[in-house]
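Close look at the chain arrangement
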Amino acid sequence: MTAAAGDGTVAKALEVLDLVAGFGHPVRFSDLLDHSPYPKATLYRLLQTLVAQRMLSFDPDRSTYTLGLRLVRLAHAAWDQSALAPIARPHLDVLSAEVGETVHLAQMDHAQVLYVDKRNARDPIPMYSQAGKVGPAYCTGVGKAMLAYLPERDLPGILSQQSWHPFTPKTVTSTAAMMQELATIRARGFAFDDEEHEPGIICVAVPILSTGGAVLGALSVTSTTARTTLDNLAQLAPRITQIARTIGQETTNWRFPEETAHPNRKRA
């Protein structure tokens, strides 16, 4: 995705930040140039500006770029000032201690899943998800849990933005098939990831809803096919749902404290 005409330098710089972050490790200029839509001179100028503003760091010995400390500070501030993440934190700790498996907190970000927080299993397992990473919505448990509870008017637009890439033989790769699955998720109240994003990785996920039914995020417990089954994970769904409901209630009260005292008052 490239910056739209008229978006200007700021949008281009943000794209370069996303590009550097997407590598997940220190990256050389030549690698960035291979993946950037901008010509060499433009990319170099944007990188120099970002380094000067401490949004990126440059290692002259290795000739590599990494995310800068100023960006890290801003990211932490954004995390702390959001309603969902800090409110959910103690509840994630409780759920993690109870189940001993990986716990994820996620939100929807431009039709994709943004992993907001994570607790590793007692016996950690390697997987794609990390706090701050963006993943697909159509083949992750948290993604499908959120999709299933979006307003009906919003769903076609969100689904049209999915890539439908077959990550595994079990990945759902069409809007029609996904619509059927979302109906099933709404009926039972929770979603599965049945090795749809990564082989061997399975999870059960539930939406986090406001008291008015708006999708705030999703909560999941993730494990592997070597350790458990979907049937076993499904037994955790009532407890995960209970915790998600508490998070949703507390988040609603944090954002709109007058709703509790004046439940019939409409928000502007």
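Rules of the game
- Residues numbered from 1 in each chain as written.
- Predicted model: local features only at pLDDT ≥ 70, side-chain atom pairs only at ≥ 80, totals over all residues.
- Heavy atoms only, no water.
- Pairing = 2+ DSSP bridges.
- Helix = DSSP H or I, 4+ residues; strand = E, 2+ residues; numbered from the N terminus.
- Contact = heavy atoms within 4.5 Å.
- Axes fitted to C-alpha atoms, helices over the stretch in contact; angles between N-to-C directions.
- Phe/Tyr/Trp six-rings, centres within 6.5 Å; stacked < 30°, edge-to-face > 60°.
- Buried < 20%, exposed > 50% of the residue type's maximum accessible area, 1.4 Å probe, protein only.
- Lys NZ or Arg CZ within 6 Å of the ring centre and 35° of its normal.
- Salt bridge = Lys/Arg side-chain N within 4 Å of Asp/Glu carboxyl O.

Overview of the sheet that holds strand S2 (residues 56-59)
Ordered in space as S1-S3-S2, the three strands form an open sheet in which the pairing is antiparallel. Of all strands in the sheet, those with a lone pairing partner are strand S1 (27-28) and S2, marking the two edges. As paired elements, S1 and strand S3 (residues 64-67) share two bridges and run antiparallel to each other. Looking across to S3, one finds that Val27 is bridged to Tyr65. This element, helix H1 (residues 8-23), spans S1, S2 and S3 of the sheet and lies at about 100° to S3.

Here's the deal with the sheet that holds strand S5 (residues 112-119)
Taken together, the six strands give an open sheet; going across it, the order is S6-S5-S4-S9-S8-S7, and neighbouring strands pair in antiparallel fashion. Each edge of the open sheet is held by one strand with a lone partner, namely strand S6 (134-135) and strand S7 (191-194). Both strand S4 (residues 102-109) and strand S9 (residues 215-224) contribute to a ladder of five bridges, which runs antiparallel. Across the sheet, Thr102 pairs through a bridge with Thr222, a residue of S9. Each of S4, S5, strand S8 (201-209) and S9 is contacted by helix H5 (residues 84-99), which is oriented at about 150° to S4, the strand it contacts most. Where helix H6 (residues 141-148) meets the sheet, it contacts S4, S5, S7, S8 and S9, and its direction lies at approximately 150° from that of S9.

Describing the packing of aromatic side chains
For any pair of aromatic rings, geometry is given as the distance between the ring centres together with the angle between the planes. Using the criterion set out here, one finds five aromatic pairs in the structure. Seen in terms of ring centroids, Tyr138 and Phe167 are 6.4 Å apart; in terms of plane orientation they differ by 35°. Their pairing is tilted. Of this pair, Tyr138 sits in the loop between S6 and H6 while Phe167 sits in the loop between helix H7 (155-159) and helix H8 (175-188); the two residues are 29 residues apart in sequence, bridging distant segments of the chain. Relative accessible area serves as the criterion here: at 1%, Tyr138 is assigned to the buried category. With relative accessibility at 36%, the residue Phe167 sits in the partly exposed group. Judged by centre distance (5.5 Å) and plane angle (80°), the ring pair of Phe190 and Phe192 falls under edge-to-face. For the pair shown, Phe190 and Phe192 are each scored as buried. Between Lys133 and the ring centre of Tyr128, over which it is positioned, the NZ or CZ distance is 4.4 Å.

Quick word on the pattern of salt bridges
According to the stated counting rule, one finds 11 salt bridges in the structure shown. A salt bridge links Arg119 to Asp93; the shortest N-O distance between them is 2.5 Å. Linking Arg119 in strand S5 with Asp93 in helix H5, this pair joins segments that are 26 residues apart in sequence. Note on Asp93: relative accessible area 39%, which makes it partly exposed. Across the pair Arg153 and Asp154 runs a salt bridge, and its minimum N-O distance is 3.9 Å. Looking at Arg153, the relative accessible area reads 72%, which means it is exposed. Exposure remark for Asp154: the relative accessible area of 35% places this residue in the partly exposed category. What you see here is one network of salt bridges that share partners, running through Asp93, Asp117 and Arg119.

Regarding unusual backbone geometry
Backbone geometry at Trp164 places phi at a positive 55°, although glycine is not the residue there. Turning to its location among the elements, Trp164 is positioned in the loop between H7 and H8. For Trp164, a relative accessible area of 14% translates into the label buried. In this structure, Glu195 is a non-glycine residue whose phi angle is positive, near 55°. One can find Glu195 in the loop between S7 and S8.

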